[in-house]
Amino acid sequence: MKPSFYERPVLDVARDLIGCAVRHGGCVGVIVETEAYHDSEPACHAFVGLTRRTETLFGPPGRAYVYRSYGIHALLNAVCEPAGVGAAVLIRALEPVEGLELMAARRGLDGAAPARALCSGPGKLTQALGIELTENGCDLARGPVVIEPRAAGWGDVPVSVGRRIGITKAVELPWRFCVTGSRFISAPVRAVEDR
DNA sequence: CATGGGATTGACT
DNA sequence: GTCAATCCCATGC
């Protein structure tokens, strides 16, 4: 995807990335779950302003923001909006389509493990695709981590909206997007009016 | 320089 | 349902 795709309101990009594909390390998966983050709200790392950690978030759109979570997992984001704005889309789940055996091996799972176990969470998918912190800042059009346009059949899938997962601030914002009814997402979507 | 908190996951009661 | 692993980095003394 070109930089112009990402240089738009982060909520639009989060919705439009549903159905696109992520390619890395000999594996491909279709994005079925995303969340939006923006420096105007406190759940976003960029809320604290420009620091060493948030450099990539405030940089040009179309780059990967990869950071370590809980000391264990690498989480993948796509940087959005013009340079100077700290915004990104967290990739939370993929439907595996290529390199399933390699994904299972990287995840330490048996080859017979169900496909839904491979990439159904932001830490799981980076492990399955072999994405590490060294990919932070990489150009998502050139790689090593590449995001590709929607393939046939993914052009017009229904999308559900809900609240973001695993955060303690700004929990009420409906900034999570999922393929409606997908078995490959990390957790069920609760209706926005549920609270 | 010391401290504390995670955009999570998997193992266990 | 509970809980620990583990490390980067922002903050405060």
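Residues numbered from 1 in each chain as written. Chains lettered and ligands numbered in written order. Predicted model: local features only at pLDDT ≥ 70, side-chain atom pairs only at ≥ 80, totals over all residues. Heavy atoms only, no water.

*Asks:* Residue-level account of the overall build of chain A, with values.
*Replies:* For chain A, the helix and strand inventory stands at 5 helices and 8 strands. Along the chain direction, N to C, the helices and strands of chain A fall in the order α-α-β-β-α-β-β-β-α-α-β-β-β. In terms of C-alpha radius of gyration, chain A reaches 15 Å, essentially the compact-globule figure of 16 Å for 195 residues. In terms of principal-axis extent, the alpha carbons of chain A reach across some 45 × 40 × 35 Å. A separation threshold of at least 6 residues defines the contact pool for chain A, and within that pool the share at least 24 residues apart is 61%. Averaging the coordinates of the 22 positive side-chain charges in chain A and doing the same for the 21 negative ones gives two points 3 Å apart. (Helix = DSSP H or I, 4+ residues; strand = E, 2+ residues; numbered from the N terminus. Rg over C-alpha atoms; globule rule 2.2 N^0.38 Å. Contact = heavy atoms within 4.5 Å. Lys, Arg positive; Asp, Glu negative; His and termini not counted. Charge placed at Lys NZ, Arg CZ, Asp CG, Glu CD.)

*Asks:* I'd like to hear about the protein's contact with DNA strand B, residue by residue, with values.
*Replies:* Taken together, 20 residues are adjacent to DNA strand B, and Y67, H73, N77, R107 and G123 come closest. Here, DNA strand B places atoms within 4 Å of the protein, and 51% of those atoms are sugar or phosphate. Contact distances for DNA strand B include 2.5 Å between a base nitrogen and a side-chain N or O atom of N77. P122 places a main-chain nitrogen or oxygen 3.2 Å from a phosphate oxygen of DNA strand B. Listing elements by their share of the surface near DNA strand B, those giving two or more residues are strand 3 (64-69), strand 4 (73-79), strand 5 (87-98) and helix 5 (122-129). (Near = heavy atom within 4 Å. Polar contact = N/O pair within 3.5 Å; in protein donor to acceptor, adjacent residues only side chain to side chain.)

*Asks:* I'd like to hear about the layout of surface pockets, residue by residue, with values.
*Replies:* With a probe scaled to a water molecule rolled over the atoms, the places where space remains empty come into view. Its volume calculated, the largest pocket comes out at about 690 Å³. Along the wall of the largest pocket there are 31 residues; nearest its centre are H45, Y67, L75, G166 and I167. At the level of elements, strand 2 (27-38), strand 3, strand 4, strand 5 and helix 5 are the ones that each hand at least two residues to the lining of the largest pocket. Each residue belonging to the lining of the largest pocket can be placed in one class, and the counts come to 16 nonpolar, 8 polar and 7 charged. Residue lining of the second largest pocket: R68, I72, H73, A74, G123, T126, Q127, G130, I131, E132 and L133, and that is the complete set. Going through the elements one at a time, strand 4 and helix 5 are the ones with two or more residues in the lining of the second largest pocket. (1 Å grid on protein atoms, 1.4 Å probe; cavity = no way out; pocket = protein on both sides within 12 Å on 5 of 7 lines; lining within 4 Å. Points joined across faces, edges and corners; volume = space filled by probe spheres on them. Nonpolar A, V, L, I, M, F, W, Y, C, P; charged D, E, K, R; others polar.)

*Asks:* Tell me about the packing of aromatic side chains, and name the residues and values.
*Replies:* In total, this model carries 2 aromatic pairs according to the counting rule given. When the ring of F5 is compared with that of Y6, the centres are 5.1 Å apart and the planes differ by 85 degrees; the resulting orientation is edge-to-face. The exposure class of F5 is buried, given its relative accessible area of 15%. Considering the side-chain rings of Y65 and Y67, the 5.4 Å spacing of their centres and the 20 degrees angle between planes classify their relative orientation as stacked. As far as the burial class goes, Y65 and Y67 line up, both buried. In this structure, R8 is placed above the aromatic ring of F5, and the distance from its NZ or CZ to the ring centre is 4.9 Å. The side chain of R164 reaches across the aromatic face of Y37, ending 4.6 Å from its centre. (Phe/Tyr/Trp six-rings, centres within 6.5 Å; stacked < 30°, edge-to-face > 60°. Buried < 20%, exposed > 50% of the residue type's maximum accessible area, 1.4 Å probe, protein only. Lys NZ or Arg CZ within 6 Å of the ring centre and 35° of its normal.)

*Asks:* Before we move on, can you summarise unusual backbone geometry with the specific residues and values?
*Replies:* At the junction of G143 and P144, the peptide bond is cis and its omega measures out at 5 degrees in the coordinates. Assignment of secondary structure puts P144 in the loop between helix 5 and strand 6 (146-148). Even without a glycine there, the phi angle at Y70 is positive, about 55 degrees. Inspection of the secondary structure puts Y70 in the loop between strand 3 and strand 4. In this structure, A170 takes a positive phi of about 50 degrees despite not being glycine. Among the structural elements, A170 can be located in the loop between strand 7 (159-162) and strand 8 (176-179). Residue classification places A170 among the buried residues on the basis of a relative accessible area of 14%.

*Asks:* Got a sec to walk through the protein's contact with DNA strand C? Specific residues and values, please.
*Replies:* The full set of residues close to DNA strand C is V48, T51, R52, R53, R68, Y70, G71 and I72. Here, DNA strand C places atoms within 4 Å of the protein, and 65% of those atoms are sugar or phosphate. Contact distances for DNA strand C include 2.3 Å between a base oxygen and a backbone N or O atom of Y70. Contact distances for DNA strand C include 3.3 Å between a sugar or linking oxygen and a backbone N or O atom of G71. When its residues are assigned to classes, the surface near DNA strand C shows 3 nonpolar, 2 polar and 3 charged.

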